[in-house]
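Residues per chain are reported as follows:
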Amino acid sequence: MPDTDTRSVIELADRLFNAIENSDIATVEKLFSPDVAVWKSGDERPSDRDRSVRIISWFVNATVDRHYEILDRQPFEGGFVQQHVLHANGRSGASIAMRVCIVIKLGTDGLISHIDEYLDPAEISPLLAERPS
């Protein structure tokens, strides 16, 4: 993979995770292809762009801060795989440290076209318990 491609992939990865850390949903939306498909553990089928952005918005709004502890990131032609621990503190004081493996593929337009996210859904339950009834 040429250095410029690797550099572009790493820059996109940094922009995505920095945007989520900084509550910047508009940037997340700009990085998603209009026809992005996002699958995560426990899903029967991938989510489309609108649903995926709503899920990220919910997460950002349910937390007061969030941080990605990147354990490993490996670019490949057309994307990257990353292992990280997502640390977040909820509005009511609950906190999570969720280990995740994510595979992100880019389309020919350089935008995120596909995400496969592997995690234990039970690890986010402290934040789900904070939802108003």
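Quick look at the structure, then. Everything quoted here is computed from the prediction, not taken from an experiment. (Residues numbered from 1 in each chain as written. Predicted model: local features only at pLDDT ≥ 70, side-chain atom pairs only at ≥ 80, totals over all residues. Heavy atoms only, no water.)

1. Focus on the overall build of the protein chain
For clarity, the cut-off: Comment: elements are numbered from the N terminus, with helices defined as DSSP H or I runs of at least four residues and strands as E runs of at least two. Our radius of gyration is a C-alpha quantity, and the globule rule it is checked against amounts to 2.2 Å times the number of residues to the power 0.38. Each residue's exposure class comes from its accessible area (1.4 Å probe, protein chains only) as a fraction of the maximum for that residue type: buried when under 20%, exposed when over 50%, partly exposed otherwise. We get accessible surface area from the Shrake-Rupley algorithm with a probe of 1.4 Å; when it comes to residues, only the shown protein chains can shield them.
The helix and strand tally for the protein chain stands at 4 helices and 5 strands. Tracing the protein chain from N to C terminus, the helices and strands come up as α-α-β-α-β-β-β-β-α. Relative to its length of 133 residues, the protein chain is compact, with a C-alpha radius of gyration of 15 Å against a globular reference of 14 Å. Overall, the protein chain is about 50 × 30 × 25 Å in size when its C-alpha atoms are taken along their principal axes. Split into buried and exposed, the 133 residues of the protein chain put 39% on the buried side. Accessible area of the protein chain: about 7,400 Å², with a carbon and sulfur share of 49%.

2. Description of the pattern of salt bridges
Any two side chains of opposite charge can pair, on the condition that their charged atoms come close. As a reminder, the rule being used: Every case where a carboxyl oxygen of Asp or Glu lies within 4 Å of a side-chain nitrogen of Lys or Arg is listed as a salt bridge.
Overall, the coordinates contain 2 salt bridges when judged by the stated rule. One salt bridge in this structure joins Arg73 and Asp14, with 2.7 Å as the shortest N-O distance. Taken together, the residues span a long stretch of sequence, with Arg73 in strand S2 (residues 63-76) and Asp14 in helix H1 (residues 3-21) at a distance of 59 residues. We classify Asp14 as partly exposed; its relative accessible area is 33%.

3. A closer look at the side chain of Thr27
Condition: Should any heavy atoms of two residues lie within 4.5 Å, those residues are counted as being in contact.
Within the secondary structure, Thr27 is located in helix H2 (residues 25-31). When residues no more than four places from it in sequence are discounted, the contact partners of Thr27 are Arg15 and Ala19.

4. A look at unusual backbone geometry
Despite not being glycine, Ser23 has its phi angle at roughly 60°, a positive value. When you line up the elements, Ser23 lands in the loop between H1 and H2. The exposure class assigned to Ser23 is partly exposed, which follows from its relative accessible area of 40%.

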